[in-house]
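Structural description and commentary
The primary structure of each chain is shown beneath.
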Amino acid sequence: MGSDAETIVNPDTYVHGVPYEALARLRQDSPVVWMAEPAVDAWPAGPGFWAVLRHAEVRQVLRNPRVFSSQLGATQIRDPATPATLAYVRRMMLNLDPPEHARLRGLLTRAFTPRTIAGLEARIGTWARDLVAAVADRGECDFAKDVAADLPLLTLAEVFGVPAADRWLMFDWSNRVIGYQDPDYATSARADATGSTPMAGRALALRPVPDAAGRMPDPRTREGMPDLYAYAGELGEYKRRHPGDDVMSNLMRHVEAGGGRVAIEEFENLFWLFSVAGNETLRNGLPGGLLALMSRVDSMRALRADRSLLPGAVEEMLRWWTPVMHFRRTATEDTRLGGVRVAAGDKVVVWFSAANRDPEVFDDPDAFRITRAPNDHLSFGHGPHFCLGAHLARVQMRAMFAAVLDLLGEVEPAGEPVRLRSNFQNGIKSLPIRWRT
């Protein structure tokens, strides 16, 4: 058996669950721990990184982009393979530092107008009830596949003004990017041209296929996602010529103070970010939340009796499950963090799975308590990169669990969950459940 550090970086570990005990042992030893970067699958070994495991130090890193940069080495543990790839990923909003990050985030924030948000919230409630109602008479379903997967897709399609028939493209794209360590997801190809738009058909014609060794191109590169970028580029040009009432039309319509506009390349990268981050996180947060709720039948019964507990329950689901487990920064100068010396250029990886179970912040942190308050979880991040979609994610989770409680009642497991092989996303590929009809 390997060390705790080896266990934590090994994606095979997560097929059996997040190694919370190993994270706790490391955090108790030191809030900031040096970890090796062994080779994983086709990825070569790296120089190692500092894992930030305590809540206070995670917050410290995330609110200080001058010292802990998102842009210098991007936000994934593994370094991009080439300088050209690094230059490409640095243009994404996720990997920007101020002031460039503030400019693009400000434009996007203004695109989410109150009218647009109000319309989205109303439709999210309807979609959630329709998805649950579609399985209600069956007495059982795979919650991850039959219900949870579609709500974020419907929401994102509305945000982008993407035809609903094309939304499963985003399912495949997020699978390939987030689930590249899992063979079931790395080659995801659920979407097809049947019933899709001609624009989708043109993108699907560019979808990559595995090579002779069964490997897909790197999904973190533009070359690895040609179908996504073809669709995004064509959609962006269309929105510029024919704006609608959706968020991305608002963005493309906006003219900045100096007369500038959002470039098509910026639109493409925002499309990548929303299609992946806006989809995968919620798709796993929903079954993760239900798994938590089924582990505490008393909590499920309390929610059925008192729906005012639902907002707090959603926050506890986000803390307890923690869909995104970590993000990287790079030190821009020599500094000290949690009592250790961090050198300029070192990778600094904040581990949300550990911070969200820090006993210095959360009493009995491994327990799932829907009445936990305060609940200062970091599942949406902290500081300038706090998740822009946090509000819509909360709306979707509250809507989905309200629909489950209303239409299905008390649900229970109908089989073992199947977890995603990933050391980045705490994912569930399958969650069989049943209920009385």
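Higher on the page you've got the structure.
Described in the following lines is the structure provided in the data block.

About the criteria used
Residues numbered from 1 in each chain as written. Predicted model: local features only at pLDDT ≥ 70, side-chain atom pairs only at ≥ 80, totals over all residues. Heavy atoms only, no water. Helix = DSSP H or I, 4+ residues; strand = E, 2+ residues; numbered from the N terminus. Rg over C-alpha atoms; globule rule 2.2 N^0.38 Å. Buried < 20%, exposed > 50% of the residue type's maximum accessible area, 1.4 Å probe, protein only. Contact = heavy atoms within 4.5 Å. Areas by Shrake-Rupley, 256 points an atom, 1.4 Å probe, with all protein chains shown as cover. Lys, Arg positive; Asp, Glu negative; His and termini not counted. Charge placed at Lys NZ, Arg CZ, Asp CG, Glu CD. Core = buried A, V, L, I, M, F, W, Y, C linked by side-chain atoms within 4.5 Å. Pairing = 2+ DSSP bridges. Polar contact = N/O pair within 3.5 Å; in protein donor to acceptor, adjacent residues only side chain to side chain. Axes fitted to C-alpha atoms, helices over the stretch in contact; angles between N-to-C directions. Parallel < 35°, antiparallel > 145°, perpendicular 65-115°, else oblique. Nonpolar A, V, L, I, M, F, W, Y, C, P; charged D, E, K, R; others polar. Phe/Tyr/Trp six-rings, centres within 6.5 Å; stacked < 30°, edge-to-face > 60°. Lys NZ or Arg CZ within 6 Å of the ring centre and 35° of its normal.

Take the overall build of the protein chain next. Along the backbone of the protein chain there are 18 helices and 12 strands. For the protein chain, the C-alpha radius of gyration of 21 Å lies close to 22 Å, the compact-globule estimate for 437 residues. Classification of the 437 residues of the protein chain by burial places 58% in the buried group. When contacts within the protein chain are restricted to residue pairs at least 6 apart in sequence, those whose partners lie at least 24 apart make up 71%. A total of about 17700 Å² of accessible surface is found on the protein chain, and carbon and sulfur atoms cover 53% of it. Averaging the locations of the 51 positively and 54 negatively charged side chains of the protein chain gives two centres separated by 3 Å.

Another point: the nonpolar core. Judged by nonpolar contacts, the single largest core of 123 residues is most densely connected at Phe143, Tyr231, Phe271, Trp272, Met400 and Leu431. In terms of residue count, helix 14 (residues 264-295) provides more of this core than any other element does, 15 residues in total. Among all residues touching Leu431, those that are not within four sequence positions of it are Cys141, Asp142, Phe143, Ala144, Pro287, Leu290, Leu291, Met294 and Pro417. Counting residues in each nonpolar core, the second largest holds 18 residues, with Val9, Val18, Leu23 and Val349 among its members.

Moving on, we get to unusual backbone geometry. The residue after Pro98, namely Pro99, is reached through a cis peptide bond having omega 5°. Tracing the chain through its elements places Pro99 in the loop between helix 4 (83-89) and helix 5 (100-111). Note that the residue after Ala373, namely Pro374, is joined by a cis bond; omega there is -5°. Mapping Pro374 onto the fold places it in the loop between helix 17 (352-355) and helix 18 (390-407). The backbone of Ala74 sits at a positive phi, close to 70°, despite the residue not being glycine. Inspection of the secondary structure puts Ala74 in the loop between strand 3 (68-69) and helix 4. Residue classification places Ala74 among the buried residues on the basis of a relative accessible area of 5%. The backbone of Thr322 shows a phi angle near 50°, a positive value even though the residue is not glycine. Relative to the assigned elements, Thr322 resides in the loop between helix 16 (310-321) and strand 5 (326-331). Exposure remark for Thr322: the relative accessible area of 1% places this residue in the buried category.

This part covers the pairing of strand 12 (residues 432-435). Direction of pairing for strand 4 (residues 140-142) relative to strand 12: antiparallel, over a ladder of 3 bridges. Within strand 12, the position partnered with Glu140 by the bridge is Arg434. Relative to strand 12, strand 9 (residues 411-413) runs antiparallel, the two being bridged by 3 bridges. Its bridge partner lying in strand 12, Val411 is registered against Trp435.

Looking at the secondary structure, you find Ser174 in helix 9 (residues 168-178). By relative accessible area, which is 0% here, Ser174 ends up buried. Each C-alpha atom of the pair Ser174 and Glu280 lies 6.1 Å from the other, and the pair is 106 residues apart in sequence. Those residues in contact with Ser174, other than ones at most four positions away along the chain, are Gly179, Ser275, Val276, Asn279, Glu280 and Arg283. A polar contact is formed between the side chain of Ser174 and the side chain of Asn279, at a distance of 2.7 Å.

Attention now goes to the packing of helix 5 against helix 14. Packing of helix 5 against helix 14 brings their axes to within 13 Å, and their N-to-C directions diverge by 75°. One finds that helix 5 runs roughly perpendicular with respect to helix 14. Contacts between helix 5 and helix 14 pair Arg103, Leu104 and Leu108 from the former with Glu266, Leu270 and Phe274 from the latter. In terms of residue class, the contact of helix 5 with helix 14 is built from 4 nonpolar, no polar and 2 charged.

This structure, assessed with the given rule, holds 15 aromatic pairs. Aromatic pair Trp173 and Phe271: ring centres 5.8 Å apart, planes at 70°, arrangement edge-to-face. Pair noted here: Trp173 is in helix 9 and Phe271 is in helix 14, with a separation of 98 residues, a long-range link. As far as burial versus exposure is concerned, Trp173 and Phe271 are alike and both buried. Measuring from ring centre to ring centre gives 6.0 Å for Tyr231 and Phe271, while their planes differ by 35°; the resulting arrangement is tilted. Note that Tyr231 is positioned in helix 12 (residues 226-241) and Phe271 in helix 14, a separation of 40 residues in sequence. Across this residue pair, the class does not change: Tyr231 and Phe271 are buried. Ring pairing ties together the aromatic residues Phe160, Trp173, Tyr231, Phe267, Phe271 and Phe274, which thus form one cluster. The side chain of Arg190 reaches across the aromatic face of Trp168, ending 3.6 Å from its centre.

On to the sheet that holds strand 12. Reading across the sheet, the 3 strands line up as 4-12-9 and stay open at both edges, with antiparallel pairing between neighbours. Only two strands of the sheet have a single neighbouring strand rather than two, namely strand 4 and strand 9. Adjacent strand axes in the sheet meet at a mean angle of 30°, parallel and antiparallel pairs treated alike.

Keep in mind these values describe shape, not function.
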